[in-house]
Amino acid sequence: MTTDHGPDPGVAQFAVSASDMPRAAQLYCDVIGCLKAGGLLIWGDFLATLQKVPDPAAALWWLIDRQDFVQLEVWGYTRPIPRRSLI
């Protein structure tokens, strides 16, 4: 698609929650070829409002794909403790 200002970049952002965040991030880097782009620790009112859960805490790591405008966020929650996936 194009706009008056040129091609629409088609920004894509994906977020996944992982019980072992460092291992998940390593998998995406080693297998898919993502590049590390930094991260942060997040907790408190802002995250509680954003995620609609009381008293949350999480580590967040960003990975970027080797093509433009693709970002993957890997979340690792420590509060509340996530339920185990059936998959």
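On a predicted model such as this, the values are computed, not experimentally measured, just so you know. (Residues numbered from 1 in each chain as written. Predicted model: local features only at pLDDT ≥ 70, side-chain atom pairs only at ≥ 80, totals over all residues. Heavy atoms only, no water.)

Trainee: Explain a nonpolar patch on the surface to me, and be specific about the residues and the numbers.
Mentor: Among the surface-exposed residues, Leu27, Val31 and Ile32 lie close enough to one another that they form a single nonpolar patch of about 300 Å² accessible area. For Ile32, the location among the structural elements is in helix α1 (residues 21–32). (Patch = residues over 30% accessible without salt bridge, like charges linked within 9 Å, V, L, I, M, F, W, Y side chains within 5 Å. Areas by Shrake-Rupley, 256 points an atom, 1.4 Å probe, with all protein chains shown as cover. Salt bridge = Lys/Arg side-chain N within 4 Å of Asp/Glu carboxyl O. Helix = DSSP H or I, 4+ residues; strand = E, 2+ residues; numbered from the N terminus.)

Trainee: Talk me through α1; I want residue IDs and the actual numbers.
Mentor: Between its terminal C-alpha atoms α1 stretches 16 Å, which fits the 16 Å expected from 12 residues at 1.5 Å a residue. Close packing links the buried residues of α1 with β4 (35–43), β5 (57–64) and β6 (70–79). (Expected span 1.5 Å × (residues − 1). Contact = heavy atoms within 4.5 Å.)

Trainee: Can you break down the nonpolar core residue by residue, with the values?
Mentor: One finds Ala18, Met21, Ala24, Ala25, Cys29, Cys34, Ala59, Leu63, Leu72 and Val74 forming the largest nonpolar core, which totals 10 residues. The set of elements that each furnish at least two residues to this core consists of α1, β5 and β6. Broken down by element, the residue count for this core peaks at 4 residues, all from α1. Leaving out residues up to four positions away in the same chain, Ala25 has contacts with Trp61 and Leu63. Ile42, Ala58, Leu60 and Tyr77 belong to the second largest nonpolar core, which has 6 residues in total. (Core = buried A, V, L, I, M, F, W, Y, C linked by side-chain atoms within 4.5 Å. Buried < 20%, exposed > 50% of the residue type's maximum accessible area, 1.4 Å probe, protein only.)

Trainee: Break down the state of the cysteines for me, with residues and values.
Mentor: On inspection of all chains with the given rule, the structure shows 0 disulfides. No disulfide involves Cys29; its nearest neighbouring cysteine sulfur is the one of Cys34, lying 6.0 Å away. Judged by its relative accessible area of 8%, Cys34 is buried. (Disulfide = S-S within 2.5 Å.)

Trainee: Quick rundown of the sheet that holds β4? Include the residues and the values.
Mentor: One open sheet accounts for 4 strands, arranged β3-β6-β5-β4; its pairing is mixed. A strand with exactly one partner marks an edge of an open sheet, and here the two such strands are β3 (12–17) and β4. Mean inter-strand twist for the sheet, computed between neighbouring axes without regard to direction, equals 20 degrees. With 7 bridges joining them, β4 and β5 adopt antiparallel strand pairing. Paired with Leu41 across the bridge in β5 is Ala59. Contacts from α1 reach β3, β4, β5 and β6 within the one sheet, and its direction differs from that of β5 by about 10 degrees. (Pairing = 2+ DSSP bridges. Axes fitted to C-alpha atoms, helices over the stretch in contact; angles between N-to-C directions.)

Trainee: Before we move on, can you summarise the environment of Ser17 with the specific residues and values?
Mentor: Positionally, Ser17 belongs in strand β3. Put simply, Ser17 and Glu73 are 56 residues apart on the chain and 8.4 Å apart in space, counted from C-alpha to C-alpha. Sequence-distant contacts of Ser17, that is, excluding residues within four places in its chain, are made with Trp75 and Tyr77.

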